[in-house]
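Letter by letter, the chains look like this.
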Amino acid sequence: MKLPRLPAIPGSRRRKMALLVGAVAIPALALAGFAVLLTLRVAREVEAEASRYNAYLAEKVTEAFEVELITQLRDAVGPAEQIAREGGPDAAIIRALATRSRRFEAPHYVPVDRMDNLSMIMVESQVLLFGEDPTQRREHPFAAVVLRGPNGDVTGAGGWWFNPRAFIATSLDSVVRDRLNTIPRMYGGLESTRNLCVQVFDREGHEVARVREPGFTNTTRRADMTGPFEGFRVSVTATNRAPVATAQRFVLVEVVFIFLLTAVMLGAVFVGLRYILRQIELVQEKSSFVSNVTHELKTPIAVVKLATETLEMKRFRNPEEEGKYLRTIMRETDRLAQLVDNILDFSRLESGKKMLRMGPVAVTDLVANTLESFRLRLEDQGFALDVDVPADLPRIRADVIALQHCLLNLLDNAVKYSRERREIRLFARAQEGFVSISVADRGIGIDPEHQTRIFEKFVRVETGLVHTVKGAGLGLSLVDQIVRAHYGRVEVASTPGEGSIFTLLIPIWVDGSGSSRPKS
Ligand code: ADP
């Protein structure tokens, strides 16, 4: 079976991931940033529009006070106006003013020759007169309307002192709720002012009156009052229920939403890419596994065939040479058997069909049986073996064949991945609830970044030896699965260039045995 070769993504797994995530994350973050910018821009526009409207309204409120004032003056001045038009005496005019002065503080009549002291503004095509003189009551201005004689000439001004603070405080509500609504140019009218707070402040900045509570103060706009209300100012702010305030709240929610969405999307992409990358790697690993295994099987067969032919044709010079060929045949058939065992075990474990027969196992026996078949190969390749297994170790709960297989794999690796320093130590110790069995070598060692990956199936570390030393990347994956099926674990401690120690931790035997099926 030949698996298709997929184009490899360059670099280590971490770099590949960073590359792929970067390719998605950068555009995603850029788009999210763009969406946030657009949202903020729309929000700014809405706020600017609301502020413009508030400035316009503040102006209108100040004008509305002047209209209110002159309307009240006009209402009150009627009888005095009548007397002036009939040519009545000043005293009668003053008396008439006095009878209608309830809303204001005190009546006053200014004859025409003293009217120069009064200021004048036009309010809705009517003249509103005001001034401090002749009142001498500085904080209470005098406000008046023009009175005309029988022939239409101005004879004087009739009006009252009034308290602007009190006037504003009592009139603000009606000015905002009724008068603004009747201004023809006031677009939106009452409907638009419903969610606005209007406040009036005096010369010292103290609040005189307010309608509704201010909410979104970014939209506050002010206008100075003029005429008899000079020094007072009107301020208009959106309330919390105004559309602009709602829009601003939504902006915040939307920005958070955009970021959450981006984070969730990036998370999903990350997980998805990791999965895809793993699948690609798996296919690549499987494909190299097939070619490795084929090679692994062919090489010993060729060597055995050659040695057998040599022996058959008696092409050896002396008995030592004959022995050498026989040992070669033994060694290669051992390797072949181990590889076939590995492949069979692997497929059984993968399909969940491997049964382990657990029983009490003495570690000394386990080690002795394993070494029996392996010692020859060690000696043949010039390895010094140091075994340290105390006889009084507790028995372990194990499937003896499976565990022997694990030890063989570890020993085989120790041989394969050693160079000049050909020393192997096999030692066992009792630990709490476990017995540890370690195989230590003085070989090439393993980089820390690869120390967990080597237990995955088909994984072979890209070292200088991986091309010369044959393997299928199955051994440690099998060891890991078998040991876990024993409720134990396998650990590795290794320094590149110094050597490695692989340790199997197997639970000790406690009464009550049985079989267990490993999880695949
Ligand atoms: P294989 O030996 O067939 O390649 P394994 O699963 O037994 O497969 O080992 C996986 C990888 O772990 C090996 O390719 C090797 O790079 C590394 N490895 C295993 N044992 C050792 C060791 N004792 N010293 C150095 N590297 C090792």
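Here the structure is shown first, and the text comes after it.
Residues numbered from 1 in each chain as written. Predicted model: local features only at pLDDT ≥ 70, side-chain atom pairs only at ≥ 80, totals over all residues. Heavy atoms only, no water.

### What about the nonpolar core?
Counted only if it meets this: In plain words, nonpolar cores are sets of buried Ala, Val, Leu, Ile, Met, Phe, Trp, Tyr and Cys residues tied together by side-chain atoms within 4.5 Å. Remark: exposure states derive from per-residue accessible area (1.4 Å probe, protein chains only) relative to the maximum for the residue type, with buried under 20%, exposed over 50%, and partly exposed in between. Secondary structure counts use DSSP, requiring at least four H or I residues in a row for a helix and at least two E residues in a row for a strand, with both numbered from the N terminus. Contacts are assigned to residue pairs that have any heavy atoms within 4.5 Å of one another.
Counting residues in each nonpolar core, the largest one holds 50 residues, and the members touching the most others are Phe-65 and Leu-69. A total of 15 residues in this core trace back to one element, the largest contributor, which is helix α1 (residues 13-85). When sequence neighbours within four positions are dropped, the list of residues in contact with Phe-65 reads Phe-167, Ile-168, Ser-171, Leu-172, Val-175, Val-200, Met-225 and Phe-229. With 48 residues, the next largest nonpolar core counts Val-479, Val-483, Ala-485 and Val-492 among its residues.

### Comments concerning the site of the ligand
Where we set the bar: Near, as used in this document, describes a residue that has one of its heavy atoms within 4 Å of the molecule or strand being considered. Polar contact criterion, stated in full: a pair of N or O atoms within 3.5 Å, where within protein one must be able to donate a hydrogen and the other to accept it, and residues adjacent in sequence count only if both atoms are side-chain atoms. Note on areas: Shrake-Rupley, 1.4 Å probe, and residue coverage restricted to the protein chains presented here. Asp, Glu, Lys and Arg are counted as charged, while Ala, Val, Leu, Ile, Met, Phe, Trp, Tyr, Cys and Pro are counted as nonpolar; the rest, among them Gly, fall into the polar class.
Taken together, the neighbourhood of the ligand is formed by 19 residues, with Asn-413, Tyr-417, Asp-441, Arg-460 and Leu-476 sitting nearest. With respect to the ligand, the side chain of Tyr-417 contributes an N or O atom lying 2.8 Å from an oxygen atom. At 2.8 Å from a nitrogen atom of the ligand is found a side-chain nitrogen or oxygen belonging to Asp-441. When the ligand is considered free in solution it has 530 Å² of accessible area, and contact with the protein chains removes 98% of it. When contributions to the shell around the ligand are tallied by element, the ones reaching two or more residues are α8 (400-416), α9 (475-485) and β17 (499-507). Of the residues that constitute the shell around the ligand, the class distribution is 10 nonpolar, six polar and three charged.

### Some points on the packing of helix α6 (residues 319-351) against helix α7 (residues 363-380)
As a reminder of what qualifies: Each axis is a line fitted through C-alpha atoms, and for a helix only the stretch in contact is used; angles between axes span 0 to 180 degrees, taken between their N-to-C directions. Oblique is the label for any angle not covered by the other classes, which are roughly parallel (under 35 degrees), roughly antiparallel (over 145) and roughly perpendicular (65 to 115). Each crossing gets its handedness from the near helix: less than a right angle anticlockwise from the far helix is left-handed, clockwise is right-handed.
Look at α6 against α7: their axes get within 10 Å of each other, and the N-to-C directions meet at 120 degrees. Considered as vectors, α6 and α7 are oriented oblique to each other. Viewed along their axes, α6 and α7 form a crossing whose handedness is left-handed. Here Arg-327, Met-330, Arg-331, Asp-334 and Arg-335 of α6 lie close against α7, whose contacting residues are Ser-373, Leu-376, Arg-377 and Asp-380.

### Here's the deal with unusual backbone geometry
Not every positive phi belongs to a glycine, and Ser-125 is a case in point at roughly 60 degrees. Structurally, the position occupied by Ser-125 is in the loop between β2 (119-123) and β3 (126-131). Residue Ser-125 is classed as exposed on the basis of its relative accessible area of 67%. Even without being glycine, Tyr-487 reaches a positive phi, approximately 60 degrees. Within the secondary structure, Tyr-487 is located in the loop between α9 and β16 (489-495).

### Details of the sheet that holds β17
Under the convention used in this document: For two strands to pair, DSSP has to find at least two bridges joining them.
Taken in spatial order, the five strands line up as β12-β14-β15-β17-β16 in an open sheet, and their pairing is mixed. A single partner strand is all that each edge strand has here, and the edge strands are β12 (384-388) and β16. The average undirected angle you get between the axes of adjacent strands in this sheet is 15 degrees. In the sheet, β16 pairs with β17 via seven bridges, with the strands oriented antiparallel. Looking at β17, one finds that Ala-493 is bridged to Ile-501. Strands in contact with α7 are β12, β14 (423-431) and β15 (434-441); relative to β12, the strand with the most contacts, it is inclined by about 175 degrees. Lying over the sheet, α8 contacts β14, β15 and β17, oriented at roughly 25 degrees with respect to β15.

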